[in-house]
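Geometric and topological summary
Single-letter residue listing:
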Amino acid sequence: MALRRVCSALRPGAPRLAPLSTAPAAREQPAAGPGPVPECGAAEAVRPPVPAVDFGNAQEAYRSRRSWELARSLLVLRLCASPALLARHEQLLHVARKLLGQRMFDKLMKMTFYGQFVAGEDQESIRPLIQHNKAFGVGSILDYGVEEDLSHEEAERQEMESCTSEAEKDGSGTSKREKQYQAHPAFGDRRDGVISARTYFYANEAKCDSHMETFLRCIEASGGASDDGFSAIKLTALGRPQFLLQFSDVLTKWRWFFHQMAAEQGQAGRAAMDTKLEVAALQESVAKMGIASRVEIEDWFTPETLGVSGTVDLLDWSSLIDSRTRLSKHLVVPNVQTGQLEPLLSRFTEEEEMQMTRMLQRMDVLAKKATEVGVRLMVDAEQSYFQPAIGRLTLEMQRKFNVEKPLIFNTYQCYLKDAYDNVTLDVELARREGWCFGAKLVRGAYMAQERARAAEIGYEDPINPTYEATNAMYHRCLNYVLEELKHNPRAKVMVASHNEDTVRFTLRRMEELGLHPADRQVYFGQLLGMCDQISFPLGQAGFPVYKYVPYGPVMEVLPYLSRRALENSGIMKGAQRERQLLWQELQRRLRTGSLFSHPA
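Residues numbered from 1 in each chain as written. Predicted model: local features only at pLDDT ≥ 70, side-chain atom pairs only at ≥ 80, totals over all residues. Heavy atoms only, no water.

1. Observations regarding the overall build of the protein chain
Put simply, the test is: Strands are runs of DSSP state E lasting at least two residues, helices are runs of H or I lasting at least four, and both sets are numbered from the N terminus onward. Think of it in three bands: with a 1.4 Å probe and only protein chains considered, a residue is buried below 20% of the maximum accessible area for its type, exposed above 50%, and partly exposed in between. Note on contacts: a residue pair qualifies if any of its non-hydrogen atoms lie within 4.5 Å across the two residues. Per-residue accessibility takes into account occlusion by the displayed protein chains alone, with areas from the Shrake-Rupley method and a 1.4 Å probe.
Regarding its fold elements, the protein chain presents 24 helices and 12 strands. Across the 600 residues that make up the protein chain, the buried fraction comes to 56%. Residue pairs in contact within the protein chain that sit at least 24 positions apart in sequence constitute 80% of those at least 6 positions apart. Put simply, the protein chain shows about 25,700 Å² of open surface, and 54% of that area lies on carbon and sulfur atoms.

2. Digging into the sheet that holds strand β2 (residues 229-233)
Rule in force here: In this analysis, strands are considered paired if DSSP registers two or more bridges between them. For every element, the axis is a line fit to its C-alpha atoms; helices are fit only across the contacting stretch, and the angle between N-to-C directions ranges from 0 to 180 degrees.
As summarised here, the arrangement of the eight strands in space is β1-β2-β7-β8-β9-β10-β11-β12, forming a closed barrel in which the pairing is parallel. Across the sheet, the axes of successive neighbouring strands diverge by a mean angle of 30°, strand direction being ignored. Here strand β7 (residues 375-379) runs beside strand β8 (residues 408-413); their pairing, made up of three bridges, is parallel. Of the residues in β8, the one forming a bridge with L377 is I408. Sitting on the sheet, helix α22 (residues 532-540) touches β1 (138-144), β11 (522-527) and β12 (545-551), and the angle it makes with β12 is about 130°.

3. Let's talk about the packing of helix α20 (residues 467-487) against helix α21 (residues 500-513)
As a reminder of what qualifies: Each angle gets one of four labels, with under 35 degrees taken as roughly parallel, over 145 as roughly antiparallel, 65 to 115 as roughly perpendicular, and the rest as oblique. In a left-handed crossing the near helix is turned counterclockwise from the far helix by less than a right angle, and in a right-handed crossing that turn is clockwise. Three classes are used: nonpolar for Ala, Val, Leu, Ile, Met, Phe, Trp, Tyr, Cys and Pro, charged for Asp, Glu, Lys and Arg, and polar for all others, with Gly counted as polar.
The geometry of α20 relative to α21 is characterised by a closest axis approach of 10 Å and an angle of 25° between their N-to-C directions. Comparing the axis directions of α20 and α21 gives the class roughly parallel. Helix-helix and strand crossings are classified by hand; for α20 and α21 the assignment is right-handed. Two secondary-structure elements touch here, α20 through Y474, H475, L478, N479, L482, E483 and K486 and α21 through D501, T502, F505, T506, R509 and L513. For the contact of α20 with α21, the residue count by class is five nonpolar, four polar and four charged.

4. Notes on the packing of aromatic side chains
For the record, the criterion: Centres within 6.5 Å are what make two rings of Phe, Tyr or Trp a pair, Trp counting through its six-membered ring; a difference in plane orientation under 30 degrees is then read as stacked, over 60 as edge-to-face, and the rest as tilted.
Within the structure shown, the criterion is met by 12 aromatic pairs. Residues W254 and F257 carry aromatic rings whose centres are separated by 6.1 Å and whose planes lie at 65° to one another, so their mutual orientation is edge-to-face. Of this pair, W254 and F257 both sit in helix α11 (residues 241-264), three residues apart, roughly one helical turn. F257 matches W254 in its accessibility class, with the two residues each being buried. A centroid spacing of 5.7 Å and a plane angle of 80° characterise the contact between Y420 and Y480, whose relative ring orientation is edge-to-face. In this pair, Y420 is assigned in helix α18 (residues 419-433) and Y480 in helix α20, connecting sequence segments 60 residues apart. Owing to a relative accessible area of 18%, Y420 belongs among the buried residues under this scheme. Taken together, F230, F409, Y523 and Y546 form an aromatic cluster joined through their ring pairs.

5. Quick word on the nonpolar core
Side chains of a nonpolar character, in soluble globular proteins, are inclined to be buried together. Applied cut-off: Here the nonpolar core consists of buried residues drawn from Ala, Val, Leu, Ile, Met, Phe, Trp, Tyr and Cys, with membership extended through side-chain atoms lying within 4.5 Å.
W317, V522, F524 and L538 are the most contacted members of the largest nonpolar core, which totals 62 residues. Dropping the residues within four chain positions of it, L538 is found in contact with V53, F55, V503, L507, F524, F543 and V545. Counting residues in hydrophobic clusters, the runner-up holds 37 residues, among them F243, L244, V365 and A367.

6. What about α22?
Of all nine residues that make up α22, nine are buried, and the element is covered over most of its length. Residues D532, Q533, I534, S535, F536, P537, L538, G539 and Q540 constitute the buried set of α22.

7. Topic: the pairing of strand β9 (residues 438-442)
Of all five residues in β9, five are buried; the element is thus mostly enclosed. Neither face of β9 is left uncovered, since the one carrying G438, K440 and V442 and the one carrying A439 and L441 both have all their residues buried. Here four bridges tie β9 to strand β10 (residues 492-496), and the two strands are oriented parallel to one another. By the bridge assignment, L441 is partnered in β10 with V495.

8. Concerning the pattern of salt bridges
Put simply, the test is: A carboxyl oxygen of Asp or Glu within 4 Å of a side-chain nitrogen of Lys or Arg is what we treat as a salt bridge.
Going through the model one piece at a time under the given rule, you end up with 36 salt bridges. A salt bridge links E161 to R157; the shortest N-O distance between them is 3.1 Å. Of this pair, E161 and R157 both sit in helix α8 (residues 152-162), separated by four residues, roughly a single helical turn. Through salt bridges with shared partners, a single network forms among D313, D316, E428, R431, R432 and E484.

9. Some points on the packing of α11 against helix α17 (residues 387-401)
Between two packed helices, what matters for the description is the angle formed by their axes and the separation of those axes. Two elements in contact, α11 and α17, have axes whose closest approach is 7 Å; the angle formed by their N-to-C orientations is 85°. The orientation of α11 relative to α17 falls into the category roughly perpendicular. Note on element contacts: α17 touches α11 through Q387, P388, A389, I390, R392 and L393, opposite F243, L244, F247, S248, L251 and T252. A class-by-class count of the residues in the contact of α11 with α17 yields eight nonpolar, three polar and one charged.

10. Observations regarding the environment of A268
Inspection of the secondary structure puts A268 in the loop between α11 and β3 (276-278). Looking at A268, the relative accessible area reads 60%, which means it is exposed.

11. Brief notes about helix α3 (residues 67-80)
This is how it is decided: Here a helix's expected span is defined as the number of its residues, less one, multiplied by 1.5 Å.
Its 14 residues give α3 an end-to-end C-alpha distance of 20 Å, which sits within 8% of 20 Å, the value for a rise of 1.5 Å per residue. Looking only at α3, the buried set comprises S67, E69, L70, R72, S73, L74, V76, L77 and C80.

12. A look at the confidence of the model for the protein chain
Keep this limit in mind: Per-residue confidence from the prediction method is given by pLDDT, with values spanning 0 to 100.
Of all residues in the protein chain, 81% attain a pLDDT of 70 or more, and the chain-wide mean is 82. Predicted confidence is poor over residues 1-19, with pLDDT under 50, and the contacts of this stretch with residues over four places away or in other chains come to 51 contacts. Low pLDDT, under 50, characterises residues 323-328; the predicted model gives this stretch 11 contacts beyond four residues in sequence or across chains.

Shown next, in the form of structure tokens:
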């Protein structure tokens with residue numbers, strides 16, 4: 001899979017738009033930290049003390065909000081807590097639009113759900129909100145929230161066509177991919193069971209170019225005066241998902257093969273970074289399988305390629321797929337059912353090869369534009385059957401662009417059972433190769449869909465068994481990354497969480513490890529319209545914190561609004577606390593006669 005070869009083909013970027021600064025403002029008070037971002041690894045002689053962050057102080061949490069905005073938040077969050085209303089929200093929106101007409105319907109939405117979760121219709125109209133949040137220490141991650149409104153049937157048709165190879169379509173070849181990495185009609189509409197992530201479906205290459213142009217505009221708008229802007233992209237928007245499925249299957253089989261041989265050497269059940277194969281025993285096993293001659297196998301494992309330890313770990317093993325080696329004719333694995341050796345890499349048609357190349361070119365264009373305007377690019381995680389490929393392609397971008405500082409951030413879903421292995425392997429890879437590690441940690445957006453798909457198709461559920469297990473995994477991964485940040489000032493992490501306990505855990509570990517907010521190594525992220533009682537106290541205390549700020553025309557962001565309403569219903573504990581604080585602050589303003597006061 002010659003990733004480096006195809007990634008070199010480039011196309012020019014789009015013309016630059018007027019810049020819009022989206023990073024948190026540097027406040028005059030010492031509590032808010034320095035202002036200009038220091039160079040990677042630079043230390044300050046004297047640091048201001050880190051102020052305590054109080055998530056229960058409603059007055060401070062909502063100091064940036066006018067009273068009518070608090071009332072709107074309280075109303076919207078209360079409506080989101082009604083199961084009966086949510087079950088019929090699409091029908092109710094349709095009826096309201098017919099009764100009110102488009103103009104009045106748009107006004108109603110802007111006064112309620114749209115106004116709560118969306119910043120405005122275009123880049124110009126969102127400026128006031130971005131500047132207002134910036135003044136209170138909260139930056140913005142711009143996200144064009146428009147989604148294609150496909151029917152269930154059309155989404156399923158597009159998904160099945162775009163996830164099936166030409167050989168599979170014409171019957172000249174059957175899929176040798178594992179069940180998890182094959183398209184399935186029952187799960188063709190990837191929107192089902194997903195409430196907090198946008199879904200893209202492949203229509204054609206022109207549509208992918210259009211998505212790329214949209215991402216470019218967001219990157220441009222996020223750039224400008226700040227060196228700390230962020231923008232987010234999804235790889236399923238940039239190319240045919242068949243390539244992601246096939247490449248994920250390759251990577252998973254190759255890792256599985258490693259663990260099979262580890263079991264033969266008595267190392268079953270070890271953590272990924274603790275598993276090391278003895279080279280002599282590995283060469284013997286590969287030779288017995290007939291994969292290659294003993295002379296060829298000895299050339300694979302040399303001090304120049306794998307070091308002098310006499311062992312092979314999973315990073316060494318994974319590097320054998322890299323284009324720096326010439327092993328494509330030998331990349332075979334045993335089929336579990338038949339016991340026969342099968343090629344690991346499937347053949348692509350000329351058109352499929354071109355589609356893969358274009359996808360990588362689009363990624364490269366976006367990364368170069370982000371570098372040009374000083375914006376960090378976060379590659380969002382997606383379904384587990386795409387994620388191995390997405391993670392590997394993101395690593396290729398990090399190798400190229402994260403030389404001096406982390407411009408490309410990989411996303412790790414901590415509801416996955418293998419999340420800790422993925423994080424530790426990538427941190428170690430960055431250490432060995434000398435590039436800057438950048439990560440965003442999330443819990444994950446596809447749990448219900450992933451569980452249902454695994455049960456229906458018949459493969460192991462990739463998700464942690466309980467919510468508590470996911471929380472433990474998140475904190476375990478986060479703690480490992482924070483430990484890395486202590487010893488590596490060039491590494492950075494985005495803690496993307498609405499969970500107050502997780503944010504408190506992060507603050508406590510930062511204090512214990514001596515990670516000062518002025519270093520800007522640890523970022524926090526929440527969605528616009530949610531958990532202001534977390535975001536604004538962090539920003540006012542000097543911690544780098546950002547809101548995901550979606551924008552777009554009212555009718556075109558309705559799918560996004562539907563997900564926000566459903567997501568709020570799914571995190572009732574946090575939403576209930578937020579409603580209590582909102583009501584507490586409104587009552588305080590009523591008692592003190594400050595109901596009509598302006599934010600200060």
